[in-house]
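Chains, contacts and geometry: an overview
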Amino acid sequence: MALSIRTDGEAAGLAASSSRGTTGAWWEEPVVLRLVSIAAFAAIWEVAGRIPVSFAFPTFSDTMVAFFGLLADGSLASAYLSTLQPLVLGVVLSAFLGVGLGTICGLWRTGEWLLIPVFIVLQAAPVAAFIPMVTFVYGIGMTAKTLAVIILALPVIVLNTYKAVRNVNQSLLVMCRSFLGTPWQTVAKIILPDASPVIFAGLRLGVAAGFVGVVLAELLITPTGIGDLITFHRSRADYAEMYATIGSIIALSTLTLVFLQWVEARVFRPEKRGA
Amino acid sequence: MARLSRRTILTAAFAAVLLSAPLPAASAGDMRIAFGDLPGIESIQTLAAIERAKERGVNVELIVLNDEDLAAQAIVGGQADVGIGAPYTLIQKAGVPIRVFAQISTLRFFPVVNSEFYKEWKDLDGQDVAVQARGSGTEAVMLLMAKNHGIKLGNVSYVPGSEVRRNALLQGTLKASIVDAANRRALEAEAPGKFIVLPVENLKASDEALFATADYLKNNAADVDILVEELMKTAREITENPTVAVEFRNKYKLLPDLGAEADGEITEYYKETAAAGSLALSGGGADAAADDFAFFSLAGQIEGDPASLKVADFWDVAALDRAVAKLGKK
């Protein structure tokens, strides 16, 4: 958990180095404030762990020691190697499928009526409840886990894309028509670029949901990777290791989202650069 | 900076106060029992003992949790008084102030192999098997038996849920695994002759036991004694005549959700359990503790040489001794 906040600090660092100057006193620097926030969080955790709040609640320092222990003995690396497979596969499939389906639904009424209700239901449903159902159909392997990631990631990507495409600036469309743009040009040069901020937001949410999906799958289907480390250390009452693992996946998820935001700003959205 | 750190301290103190608010303790005569699992047919004996304890004036409240860990948490946090499970790991590693005070039953797992491929333990040398989870009892049973038979298992994979492994065995995805009593019977019913149950010798580790905080045991000795006595009596009655399990069920209206058709299954289950001597007739005690030390240290759930572990660090046998003095040892 501490790590997740560190990544926030890094995000602030990125922003600070690119834009905000050195106005104000040093303690008003975002970096300093973020560091203080991390320190305060760690301190509260440490105190809570020392009381202790529960026998199953390790101190911050124990958790950090456990984290480096897991890193050193390679168990964290091998766990991520197996967790990342369904995650990356599921997220990549969801991204392409989701943007594709969302665009189609946004442009084509029949598609909208056919598909959007399904995704609204999927998004509203407590997905954890039907992950066990996935195992009845797809067994307990990679397919089931990848599917769990897709079930969580796809709806939000489809719905965001659909809404973005549907709500494209009408005057831009009128402009395209007046310049005799072909339908393909309308989609490629007007609709998608104009919808891209919301599509990217959907993709980021989708990636975050994918992390939820993969952890759920590894806890509920078969314990592999991160799910295995969490359940194993819990069954052994090694709570520091358990929290270190949970913290690491939160950190990775946050880092990934920050990275995506950075990529979006740098590569795809020149107008946002330096914002 | 001074201002800042003071604020940090205040925030921390505030959080600490919030998080450590004490929970109200139970009044005398009340006993909150936390199940670490949804009660099923294997819980009939415990449930019957609880009903009889109620008849003798102990006001028992049942709390069903979905994990044994949570039961232990509830006990330590004061939200429950007596837990059901085998919390050796927690006692040793997390140092929680709880003690086991009576064994209910011993573990019964059935290593099952597809008869097309394997016939006996020796055939499993170097072969892949599937068990519940890393560090679980099922894994320990497989490893213990492999050791006893001088073989070495191949790849051990982890598939949680006996019913999931049963289906995988039926589908042929798994060729060797280990399941519980209900799923073993289901395998025999659904595919007679297709599977062989390998013998498990000398397995006497606790499956379920009662535990509570040392303070609770000391301060509520009368209630605890009643529960322990009833547990031993029901275990003896069922072992003597397994059909009384169904009588218990009807008399106390236990597990009404399962319907009348569960009666046959209950009779079968307790016949087997009684024949295997799985119910603790005298509540376990030091002997059970010694068996558990051996098994759970092999499973990796507790550390240290089993011979050097002290019974008093894990068990409180006072209530058991009183019950045995009253009912006699069996």
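Values in this document were obtained by computation on a predicted structure and should not be read as measured data.

Moving on, we get to the overall build of chain B. From N to C terminus, chain B includes 14 helices and 10 strands. When its C-alpha atoms are laid out on the principal axes, chain B stretches across 70 × 60 × 40 Å. Considering chain B as a whole, with its 330 residues, one finds that 44% of them fall into the buried category. For chain B, contacts bridging at least 24 residues in sequence account for 80% of all contacts bridging at least 6.

Further remarks concern the packing of helix α9 (residues 183–220) of chain A against helix α11 (residues 239–268) of chain A. All names here are of chain A. Orientation of α9 relative to α11, taken along the N-to-C sense of each, is 160°, at an axis distance of 11 Å. Accordingly, the angle class assigned to the pair α9 and α11 is roughly antiparallel. Here α9 and α11 pass one another in a crossing that is right-handed. Together, Ser 196, Phe 200, Arg 204, Val 207, Ala 208, Phe 211 and Val 215 of α9 and Ile 249, Ser 253, Thr 256, Leu 257, Leu 260, Gln 261, Glu 264 and Phe 268 of α11 make up the contact between the two elements. Of the residues that constitute the contact of α9 with α11, the class distribution is nine nonpolar, four polar and two charged.

Residues and elements named next belong to chain B. Burial along strand β8 (residues 176–179) is two-sided: Ala 176 and Ile 178 and Ser 177 and Val 179, pointing in opposite directions, are all buried. As paired elements, strand β5 (residues 110–114) and β8 share four bridges and run antiparallel to each other. When the sheet's bridge partners are listed, Pro 111 is paired in β8 with Ile 178.

Contact with chain A, which involves 23 residues of that partner, is made by 25 residues of chain B. Elements supplying a minimum of two residues to the side of chain A that touches chain B: α2 (30–50) and α10 (225–235) of chain A. For the side of chain A that touches chain B, the leading source of residues is α2(A), giving six residues. Considered class by class, the residues forming the side of chain A that touches chain B number 15 nonpolar, four polar and four charged.

In this section: the environment of A:Pro52. Residue and element names in this part refer to chain A. Inspection of the secondary structure puts Pro 52 in the loop between α2 and α3 (60–72). The partly exposed category is assigned to Pro 52, around which 16 C-beta atoms lie within 10 Å. Sequence separation between Pro 52 and Leu 219 is 167 residues; the distance between their C-alpha atoms is 26 Å.

Residue and element names in this part refer to chain B. In this model, chain B carries a mean pLDDT of 87, and residues with pLDDT of at least 70 account for 91%. Per-element confidence in chain B ranges from a low mean pLDDT of 57 for helix α1 (residues 2–19) to a high of 95 for helix α9 (residues 221–240). Contacts for the low-pLDDT stretch residues 21–26, under 50 throughout, to residues beyond four places or in other chains number six contacts.

On to the domain arrangement of chain B, then. Residue and element names in this part refer to chain B. One can read the domain layout of chain B as domain 1 (30–107 + 205–327) and domain 2 (110–197). On a C-alpha basis, the centres of domain 1 and domain 2 stand 27 Å from each other. Tallying the contact residues gives nine residues for domain 1 and eight residues for domain 2. Going through the elements one at a time, α11 (262–276) and α12 (286–298) are the ones with two or more residues in the side of domain 1 that touches domain 2. Broken down by element, the residue count for the side of domain 1 that touches domain 2 peaks at three residues, all from α11.

Within the largest apolar cluster, 149 residues are counted, with the highest numbers of intra-cluster contacts made by B:Phe101 and B:Val228. When residues in this core are grouped by element, the largest group, 16 residues, is from helix α7 (residues 142–166) of chain A. Two domains each provide a minimum of three residues to this core, namely domain 1 (30–107 + 205–327) and domain 2 (110–197) of chain B. With residues near it in sequence (within four places) discarded, B:Val228 still touches B:Phe101, B:Ala102, B:Gly283, B:Ala319, B:Leu320 and B:Ala323.

With that settled, the discussion passes to the UniProt feature "domain: SsuA/THI5-like" (unreviewed entry) in chain B. Feature annotation in UniProt places "domain: SsuA/THI5-like" (unreviewed entry) on residues 54–243 of chain B, given in this structure's numbering. Taken as a whole, residues 54–243 of chain B contains 41% helix and 24% strand, while its terminal C-alpha atoms sit 22 Å from one another.

On to the packing of α10(A) against α11(A), then. Residues and elements named next belong to chain A. Closest axis-to-axis distance for the α10/α11 pair is 8 Å, and the angle between their directions is 160°. If you check the angle between α10 and α11, you find them roughly antiparallel. Crossing geometry of α10 relative to α11 is assigned as left-handed. Here α10 contributes Ile 226, Leu 229, Ile 230, His 233 and Arg 234 to the contact with α11, which in turn contributes Glu 241, Met 242, Thr 245, Ile 246 and Ile 249. For the contact of α10 with α11, the residue count by class is six nonpolar, two polar and two charged.

About the thresholds
- Residues numbered from 1 in each chain as written.
- Chains lettered and ligands numbered in written order.
- Predicted model: local features only at pLDDT ≥ 70, side-chain atom pairs only at ≥ 80, totals over all residues.
- Helix = DSSP H or I, 4+ residues; strand = E, 2+ residues; numbered from the N terminus.
- Buried ≥ 20, exposed ≤ 12 C-beta atoms within 10 Å, placed from the backbone.
- Contact = placed C-beta atoms within 7 Å.
- Axes fitted to C-alpha atoms, helices over the stretch in contact; angles between N-to-C directions.
- Parallel < 35°, antiparallel > 145°, perpendicular 65-115°, else oblique.
- Left-handed = near helix turned anticlockwise from the far one by under 90°.
- Nonpolar A, V, L, I, M, F, W, Y, C, P; charged D, E, K, R; others polar.
- Pairing = 2+ DSSP bridges.
- pLDDT = per-residue confidence, 0-100.
- Domains from an automatic or database assignment.
- Core = buried A, V, L, I, M, F, W, Y, C linked by C-beta atoms within 7 Å.
- UniProt positions renumbered as here; feature names shortened; annotations may be inferred.

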